Amino acid sequence: MGARPRRRRAPVAAAAVVAAAATAAPGPLGALLAAALLAAAGAQQSVTVANPVSGASPDLLPHFQLEPEDVYIVKNKAVSLACRATPATQIYFKCNGEWVHQGDHVTEHSTDRGTGLPVMEVRIEVTRQQVEKIFGLEEYWCQCVAWSSSGTTKSQKAFVRIAYLRKNFEQEPTAREVSIEQGIVLPCRPPEGIPPAEVEWLRNEELVDPALDANVYVTPEHSLVLRQARLADTANYTCVAKNIVARRRSASAAITVYVNGGWSTWTQWSGCSTSCGRGWQKRSRTCTNPTPLNGGAFCEGQNVQKTACTTLCPVDGAWSEWSKWSVCGAECTHWRSRECSEPVPRNGGRDCHGPELDTRNCTSELCSHAAPGAEDVALYVGLLAVAVCLVLLLLVGVLVYCRKKGGLDADVADSSILTTGFQPVSIKPSKADNPSLLTIQPDLSTATMTYQGSLCPRQDGPAKLQLPNGHLLSPLGAGRHTLHHSSPAAEGADFVARLSTQSYFRSLPRGTTNMAYGTFNFLGGRLMIPNTGISLLIPPDAIPRGKIYEVYLTLHKQEEVRLPLAGCQTLLSPIVSCGPPGVLLTRPAILAMGHCVEASAENWSIRLKKQSCEGTWEDVLQLGAEPCTELYYCQLEAQACYIFTEQLGRFALVGESLSMAASKRLKLVLFAPAACPSLEYNIRVYCLSDTQDVLKEVIQLEKQLGGQLIGAPRVLHFKDSYHNLRLSIHDMPSSLWKSKLLASYQEIPFYHIWSGLQPFLHCTFTLERLSPSTCELACKIWVWQVEGDGQSFTVNFNISKDTRFSDWLVPDSEVGAPALVGPSAFKIPFLIRQKIISSLDPPGTRGADWRTLAQKLNLDSHLSFFASKPSPTAMILNLWEARHFPNGNLSQLAAAVAEVGKQDGALFAVSEAEC
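About the criteria used
- Residues numbered from 1 in each chain as written.
- Predicted model: local features only at pLDDT ≥ 70, side-chain atom pairs only at ≥ 80, totals over all residues.
- Heavy atoms only, no water.
- Helix = DSSP H or I, 4+ residues; strand = E, 2+ residues; numbered from the N terminus.
- Buried < 20%, exposed > 50% of the residue type's maximum accessible area, 1.4 Å probe, protein only.
- Contact = heavy atoms within 4.5 Å.
- Areas by Shrake-Rupley, 256 points an atom, 1.4 Å probe, with all protein chains shown as cover.
- Pairing = 2+ DSSP bridges.
- Axes fitted to C-alpha atoms, helices over the stretch in contact; angles between N-to-C directions.
- pLDDT = per-residue confidence, 0-100.
- Disulfide = S-S within 2.5 Å.
- Salt bridge = Lys/Arg side-chain N within 4 Å of Asp/Glu carboxyl O.
- Phe/Tyr/Trp six-rings, centres within 6.5 Å; stacked < 30°, edge-to-face > 60°.
- Core = buried A, V, L, I, M, F, W, Y, C linked by side-chain atoms within 4.5 Å.
- Polar contact = N/O pair within 3.5 Å; in protein donor to acceptor, adjacent residues only side chain to side chain.

In this section: the overall build of the chain. Of the regular secondary structure elements, the chain holds 13 helices and 47 strands. Per-residue burial over the chain gives 44% buried out of 915 residues. Within the chain, residue pairs in contact and separated by at least 24 positions form 70% of the contacts whose partners lie at least 6 positions apart. Carbon and sulfur atoms make up 54% of the accessible area of the chain, which amounts to about 48000 Å² in all.

Next comes the structure, spelled out in structure tokens:
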């Protein structure tokens, strides 16, 4: 026990000697001496610290009241390290294993007032250069070593680092568009730095505090998370990184919280558009539940729905006929009555006005003394007197008629006899020796009757005709049949002059551009308005024999004729007049004209309108429904309609849309000046109804303006969706041309197009050449209906010499004759036509009659109409003539007729004499 303390005294004594020597030696010499001695006894220091000398208190070992801490050098500023220990006789810093020079220490001595022990505090400064000497090898560190008489104590290591913060973020937040209530994550990885940067977020330059907003939090990776996007979260977000060196800002990220639109509930259906009959009603909804915000999608679908409706028409009451007078009573009166029953008022109609009962005296004051039978005698005498008067009037009428007939040729009748629209015509052909009349007298019945055959095939009747191997429809031989008629060109001025004198025809054109006229007899003929697709076919035997009519055909300009349209109605065809009105026809004429409707029963209700003599427009036929009269019928095809009418007048085709899928065809046509002397250049885009007559008018208008066609016309289907038509121009070379259009597109309102009453709607694109030498123009023109069909034109031509599309403009000199009279107006030879009619009109065996011919020609949907006429076969051939003139293929018709003949088990026979 005694030896152990003695063995350990030597180190303690040695340490004390070293400390004393270091204290005694002033300046650097003492420091070097202390360092050398401490290095020699370094292995024993730990033992000394752990095992003090016997009898010494552990409190005599130094303990640190202040230890050096980690510090950062900012820019070039030196940092200070300090430590304080008690009791301590010496304190020195060691940095990265090397003792700091004694002269670099700043030492302060004091006494602990509580214990009375000595306290020593030492400070040193570390510069950036000292740290950079070992930069990259290891970290720079320093620690304190304190001595006392009992031993040494080391402090903790304090690391000295150079602080910095790089400029560029490793990841920045990016702009986003998100739907409302959708989650948002904005990532942010701050720049590299020492010490590591702290991150905070700014919203529109205001600090985002997750403690104040439960919808926001920041992840440990510094990402900003919005749990559910709100409209208020639409802002610019910035990530900010900072440390003791600098403060960095990321690029701002724009967050847009959008709201997609939603439909409101449908409104109630509106009232029916008409107070009587078929109309339409609609309901609407708005894109306000919610309203689109911040670029959110607009509602998909239609905002308006339409449906057809029918309103019961009010029927006013009307009186029935008066009953017979009652027997005269004892009071010398008798009575009669009537009822409000023809018809009974219904659907809100007015009641009958007037008395239901009528009374009067029967024999005045003598009723009780009147002789029986006196009233009957008076009645008989009165009836006899009336009969005598009627007989005398009838005789006078017969005499007057015979006198007039003796002075008027029965073979010629001017249409001015029937109407006041024409002056008398002095045409007096002879009956026997005048060679100007047609010598053929085919056996055609002119009596009005109804076809008596069955619509179903019958198994009776013998075979009728035989056909040789020659062509069935060979033309008639020349030399025997001549027809004289006046030239329309020669009589044009006189004809128009006579028309202008009558008030009924004051709206007709004074020129002949949109008019055709001619003089016709029982052989029939045809009138055509060139380049319009409008014609009037007068079949053989439609004009009674012995009559000659002057007939006209007129295309009206829409601004001259006021056609009232209601509701969803739209004009689908040109307005055409044929006349004179009131002329007597024994067979229906066929009026052909174009239309612009994409017809379907579920989308359209189409009506044929006719103007009455009083000027009002009336519905005379509804297509697809049973005709209310046999005077009118209509065959509607893809681009034309053929109207059978026995009464001439003014006609138009009007449609009423039943759904928003109903569409009309528009013809899109591009015109531009043929010469361009200035820098400005105009392109006119016409949006026309797709009928030939409107295109003809525009071409004539552009010829007057000096325009040329610069692209092939296109067809666009325009729907009844209430959406406008838009036009825009794109892809022009900006170095050569510029557009003067201020907006991105032009627009034509929906109703201007849909009504059909404004024929020449167009938009003009004004361009400007940047150099007078520029002649090549290349661009694209888009025409489209909002949420509907569209077309594009690629324009690429030379404005000074390009004439590629001039073939579309048909010169007026190339049009055909506007009037054809007699056999020249028909493709089928007259006698062959009569042979076919006489053979196929009667019902044939196995259905080999006109019904089979209608089926072969795809006309079997009109069997009821054909059967209502005296000659169904004539109706079929007339329609074929109207549809296929002048380019019809007679061979196909002959093949169809031949097939009908084969079904009858025999052949048609036509003799050479008949041909």
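There is more to say after this.
Turning our eyes to something else, we now look at the sheet that holds strand β46 (residues 790-798). The strand order across the open sheet formed by 4 strands is β43-β41-β45-β46, and the pairing between neighbours is antiparallel. Strand pairing shows two members of the sheet lacking a second neighbour, β43 (746-748) and β46, which therefore form its edges. For this sheet the average axis-to-axis angle between neighbouring strands, irrespective of direction, equals 20°. Judged from the 9 bridges that link them, strand β45 (residues 776-785) and β46 form a sheet pairing that is antiparallel. Its bridge partner lying in β46, Cys-779 is registered against Val-795.

As a further point, take the confidence of the model for the chain. When pLDDT is averaged along the chain, the result is 77; 76% of the residues meet or exceed 70. Across residues 811-815 the pLDDT falls below 50, and counting only partners more than four positions away or on other chains, this stretch makes 3 contacts in the model.

Right, let's talk about the state of the cysteines for a bit. Across all of its chains, the model carries 8 disulfides by this definition. Two residues share a disulfide in this structure: Cys-287 and Cys-299, whose sulfurs sit 2.0 Å from each other. With the S-S dihedral at roughly 80°, the linkage between Cys-287 and Cys-299 falls on the right-handed side. Pair noted here: Cys-287 is in the loop between β21 (277-284) and β22 (304-311) and Cys-299 is in the loop between β21 and β22, with a separation of 12 residues, a long-range link. The exposure class of Cys-299 is buried, given its relative accessible area of 6%. Here Cys-340 connects covalently by a disulfide to Cys-352, the sulfurs 1.9 Å from one another. As the torsion about the S-S bond is roughly 75°, the Cys-340-Cys-352 disulfide counts as right-handed. Of the two residues, Cys-340 sits in the loop between β23 (333-337) and β24 (357-361) while Cys-352 sits in the loop between β23 and β24, which places them 12 residues apart along the sequence.

Let us look at the pattern of salt bridges. According to the stated counting rule, one finds 32 salt bridges in the structure shown. Salt-bridge contacts for Arg-526 lead to Glu-881; the nearest nitrogen and oxygen are separated by 3.7 Å. With Arg-526 in strand β26 (residues 525-529) and Glu-881 in helix α12 (residues 872-884), this pair connects stretches of sequence that are 355 residues apart. On the basis of relative accessible area, Glu-881 is assigned to the buried category, the value being 2%. In this structure, Arg-665 and Asp-690 form a salt bridge, with 2.9 Å as the shortest nitrogen-oxygen distance. With Arg-665 in strand β37 (residues 663-673) and Asp-690 in the loop between β38 (680-689) and α7 (692-705), this residue pair connects regions lying 25 residues apart in the sequence. By relative accessible area, which is 4% here, Arg-665 ends up buried. The exposure class of Asp-690 is buried, given its relative accessible area of 9%. Here the salt bridges do not stand alone but share partners, grouping Arg-203, Asp-213, Arg-230 and Asp-233 into one network.

Quick look at the packing of aromatic side chains now. Under the definition given, this model contains 18 aromatic pairs. On the numbers, 4.2 Å between centres and 10° between planes, the contact of Tyr-633 with Phe-865 is stacked. Taken together, the residues span a long stretch of sequence, with Tyr-633 in strand β34 (residues 632-636) and Phe-865 in helix α11 (residues 863-867) at a distance of 232 residues. On the basis of relative accessible area, Tyr-633 is assigned to the buried category, the value being 15%. Their ring planes at 65° and their centres at 6.0 Å tell us that Tyr-722 and Tyr-751 sit as a pair that is edge-to-face. Linking Tyr-722 in the loop between β40 (714-719) and β41 (725-730) with Tyr-751 in helix α8 (residues 750-754), this pair joins segments that are 29 residues apart in sequence. Taking the relative accessible area as the measure of exposure, Tyr-722 reaches 19% and is therefore buried.

Turning our eyes to something else, we now look at the nonpolar core. Of all hydrophobic cores here, the largest spans 76 residues; its most connected members are Leu-536, Leu-553, Tyr-681, Leu-725, Leu-777, Ile-781 and Val-783. Counting 39 residues, the second largest nonpolar core, distinct from the first, contains Trp-850, Leu-859, Phe-865 and Ala-867.

Attention now goes to the side chain of Ser-871. Here Ser-871 lies in the loop between α11 and α12. You can call Ser-871 buried: its relative accessible area is 10%. Discounting residues that sit within four places of it in the chain, Ser-871 has contacts with Ile-837 and Asp-841.

Tracing the backbone shows His-105 in the loop between β5 (98-99) and β6 (106-111). His-105 sits in the buried class, given a relative accessible area of 10%. A polar contact is formed between the side chain of His-105 and the backbone nitrogen of Phe-93, at a distance of 2.9 Å. For His-105, the side chain forms a polar contact with the main-chain oxygen of His-101, separated by 2.9 Å.

Further remarks concern the pairing of strand β4 (residues 90-95). Across the 6 residues of β4, 6 count as buried, placing the element largely inside the fold. Across the two faces of β4 the burial is the same, with Gln-90, Tyr-92 and Lys-94 and Ile-91, Phe-93 and Cys-95 all buried. Here β4 pairs with strand β8 (residues 140-148) via 6 bridges, running antiparallel. What sits directly across from Tyr-92, in β8, is Val-145.

This part takes up the sheet that holds strand β35 (residues 640-645). On the basis of which strands lie adjacent, the open sheet formed by 6 strands has the order β34-β35-β31-β27-β26-β47 and antiparallel pairing. Each of the sheet's edge strands pairs with one partner strand only, and the pair in question is β34 and β47 (819-821). Across the sheet, the axes of successive neighbouring strands diverge by a mean angle of 15°, strand direction being ignored. Here 5 bridges tie β26 to strand β27 (residues 534-538), and the two strands are oriented antiparallel to one another. Across the sheet, residue Ile-529 finds its bridge partner in β27, namely Ile-534. Sheet contacts for α12: β26, β27, β31 (589-594), β34 and β35; angle to β35, the most-contacted strand, approximately 140°.

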